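What follows is the residue order along each chain.
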Amino acid sequence: MKRIIFLGAPGAGKGTQAERLSEIYDIPQISTGDILRQAVKDETLLGKKARSYMDKGNLVPDEVVIGIIEERINSEDCENGFILDGFPRTVPQAEALDSVLDGMGIQIDMVIDFKVPEDDLIKRLSGRRVCRLCGANYNIWSNPPKKDGTCQKCGGELYQRTDDSEDTIRDRLNVYHLQTEPLIKFYRDKGRLFSVVGTGHFDVIFSRLRRVIEGGGDTHGDTEIPRGN
Ligand code: AMP
């Protein structure tokens, strides 16, 4: 059973790693950011509520995202596990998640913290481009599309997320340090925390990730870096 949380700052690579892991383990990737962006696009009530927070790089109120997650993890496709990508992001969200899971008689198996230096995060976020049609991610520096502005998987138009502008990136990183980073201690104290160095080529990071997960979180080896760094 694999019930996994991906922690890490915006731009740490949680989404791209979660996408591949979800295919290999055949468990869903649950991204609150993706769910909220879809709601904004569809102009639903949820989307209207979330939009102003997201545009400013702030967190959407806890009760809104907790409701989304509670409904999602009760779905049939989550029976064999799931990857939470971008949730929880505050201590109250983590506590609410614990009580939802307690009620279901299950628990989180592992929390993976992706460690990436701040300069790299800024470069990744400001260079990120996303396909409007299929959601594929590119980076103008490290993973550019073959043809400028066009997705090479589906031909869709690539765009820059409004919250990937330079000012909003700084706000999002501040929000991360203030509100999300305390979760590292929260899960370390529960003995569930494992770290993966999130720099380097995608495949290298992915094999570090698999080694940590498949070693049952054996923390010896090059995937582990000192806690608290
Ligand atoms: P992401 O795609 O994970 O970077 O999320 C994009 C934006 O969606 C964030 O900057 C928040 O405004 C909002 N968001 C995503 N997940 C959460 C969450 N767990 N709690 C609050 N807001 C969230």
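The shown structure was predicted, so the numbers you read here are calculated from the model rather than taken from an experiment. (Residues numbered from 1 in each chain as written. Predicted model: local features only at pLDDT ≥ 70, side-chain atom pairs only at ≥ 80, totals over all residues. Heavy atoms only, no water.)

**Student:** Residue-level account of the sheet that holds strand 8 (residues 193–197), with values.
**Tutor:** Reading across the sheet, the 5 strands line up as 2-3-1-4-8 and stay open at both edges, with parallel pairing between neighbours. Bordering the open sheet on either side are strand 2 (29–31) and strand 8, each of which pairs with just one other strand. Averaged over all adjacent pairs, the angle separating strand axes in this sheet is 25°, with direction ignored. Examined bridge by bridge, strand 1 (residues 2–7) and strand 3 (residues 81–85) share 5 bridges and lie parallel to one another. Within strand 3, the position partnered with Lys 2 by the bridge is Gly 81. Across the sheet, helix 2 (residues 32–41) lies against strand 2 and strand 3, angled at about 60° from strand 2, the strand it touches most. (Pairing = 2+ DSSP bridges. Helix = DSSP H or I, 4+ residues; strand = E, 2+ residues; numbered from the N terminus. Axes fitted to C-alpha atoms, helices over the stretch in contact; angles between N-to-C directions. Contact = heavy atoms within 4.5 Å.)

**Student:** Just give me the short version of unusual backbone geometry, but keep the residues and values in it.
**Tutor:** One can expect most non-glycine residues to show negative phi and most peptide bonds to be in trans. Phe 87 connects to Pro 88 through a cis peptide bond whose omega is -5°. Here the phi dihedral of Asp 26 falls at roughly 55°; this positive angle occurs in a residue that is not glycine. Secondary-structure assignment places Asp 26 in the loop between helix 1 (14–25) and strand 2. Located in the positive-phi region is Glu 43, a residue other than glycine, with phi close to 55°.

**Student:** Which residues make up the sheet that holds strand 7 (residues 158–159), and what values do they have?
**Tutor:** Strand order in the open sheet formed by 3 strands is 6-5-7, with antiparallel pairing between adjacent strands. Single-partner strands in this sheet number two, and they are strand 6 (137–139) and strand 7. Pairing of strand 5 (residues 128–131) with strand 6, which is carried by 3 bridges, proceeds in the antiparallel orientation. When the bridges of strand 6 are listed, Val 130 appears paired with Asn 137. Helix-sheet contacts for helix 6 (residues 118–127) involve strand 5 and strand 6, and the interaxial angle to strand 5 is about 35°.

**Student:** Summarise the site of the ligand; cite the residues concerned and give the values.
**Tutor:** Taken together, the neighbourhood of the ligand is formed by 16 residues, with Thr 32, Arg 37, Asn 58, Gly 86 and Gln 93 sitting nearest. Contacts to the ligand include Arg 37, whose side-chain N or O atom sits 2.9 Å from an oxygen atom. One of the side-chain nitrogen or oxygen atoms of Arg 89 is found 2.9 Å away from an oxygen atom of the ligand. Relative to its free-state accessible area of 480 Å², the ligand is covered by the protein chains to the extent of 95%. Looking at which element gives the most residues to the shell around the ligand, the answer is helix 2, with 4 residues. Its residues placed into classes, the shell around the ligand shows 6 nonpolar, 5 polar and 5 charged. (Near = heavy atom within 4 Å. Polar contact = N/O pair within 3.5 Å; in protein donor to acceptor, adjacent residues only side chain to side chain. Areas by Shrake-Rupley, 256 points an atom, 1.4 Å probe, with all protein chains shown as cover. Nonpolar A, V, L, I, M, F, W, Y, C, P; charged D, E, K, R; others polar.)

Keep in mind these values describe shape, not function.
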